[in-house]
Amino acid sequence: EAGEGEVDAHDATGRTRLMWAAMRGQYDCALRLLDSGASMAHADIDGWTAVTWAAAYGQAELLQLLIDRGAQLEVPSETNGWLPFHYACYMGKPACVRALIQAGVKTDGKVKANIGKKRWTTGIELAELQARSSEEHAAVIDIVNTVKSNEEQAAEDAAAASAELEAAIARK
């Protein structure tokens, strides 16, 4: 363990001051810690980073701060391999899901879930499992589906443009 006064000191679970600030949404505290050199890469005994804590607890403003500071966004947890994106989907945190997607995380990665008969699942499937009980989970599903729809449309547009270009070249 680090000394009491060190910025990356941690408790018995490996959680640093930055992780506790991320979990609680203490933006000003997190900002001071980051300005003092706190590590965004440190993981607790479960493999959770400050990004994971912010995403799972719906602390979108603090998550955006970590994103803006260059935090790694796709660090899997030690317990199940879930990424911050999966926790945000499962916990029904649409603002965090949106921030992670806008920062470029993959939405189609499968993780071990062992839920029902499924052994592997995506973030949207995790949200769908919870959607019956929460408007937030329904919002997560809408966000991910919109991103997928936009990606599919962009791929179709690119394919059409490529075909038009090839046809124009062939005519010359």
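Refer to the preceding data block for the structure.
If you're wondering where the values come from, they're calculated on a predicted model, not measured in any experiment.

All right, on to the overall build of the protein then. Summing up its helical and strand segments, the protein has eight helices and two strands in all. Mapped in sequence order, the helices and strands of the protein form the string α-α-α-α-α-α-β-β-α-α. For the protein, with 172 residues in total, the buried portion stands at 39%. Here the analysis covers contacts within the protein between residues at least 6 apart in sequence; of these, 56% occur between residues at least 24 apart.

Scanning all chains against the criterion turns up five aromatic pairs. Note on W48 and W53: the rings are 4.4 Å apart at their centroids and 55° apart in plane angle, and the pair reads as tilted. Arranged with centres 5.4 Å apart and planes meeting at 70°, the rings of W82 and Y90 form a pair that is edge-to-face. In this structure W82 comes out as buried when scored by relative accessible area, which is 7%. Its relative accessible area of 28% is what places Y90 among the partly exposed residues. In this structure an aromatic cluster arises from ring pairing among W48, W53, Y57, W82, Y87 and Y90.

All chains considered together, the criterion is met by two salt bridges. A salt bridge links D44 to R15; the shortest N-O distance between them is 3.5 Å. One end of the pair, D44, is in the loop between α2 (27–35) and α3 (50–56); the other, R15, is in the segment before α1 (17–24), and 29 residues separate them in sequence. On the basis of relative accessible area, R15 is assigned to the buried category, the value being 18%.

The rules behind the values
Residues numbered from 1 in each chain as written. Predicted model: local features only at pLDDT ≥ 70, side-chain atom pairs only at ≥ 80, totals over all residues. Heavy atoms only, no water. Helix = DSSP H or I, 4+ residues; strand = E, 2+ residues; numbered from the N terminus. Buried < 20%, exposed > 50% of the residue type's maximum accessible area, 1.4 Å probe, protein only. Contact = heavy atoms within 4.5 Å. Phe/Tyr/Trp six-rings, centres within 6.5 Å; stacked < 30°, edge-to-face > 60°. Salt bridge = Lys/Arg side-chain N within 4 Å of Asp/Glu carboxyl O.

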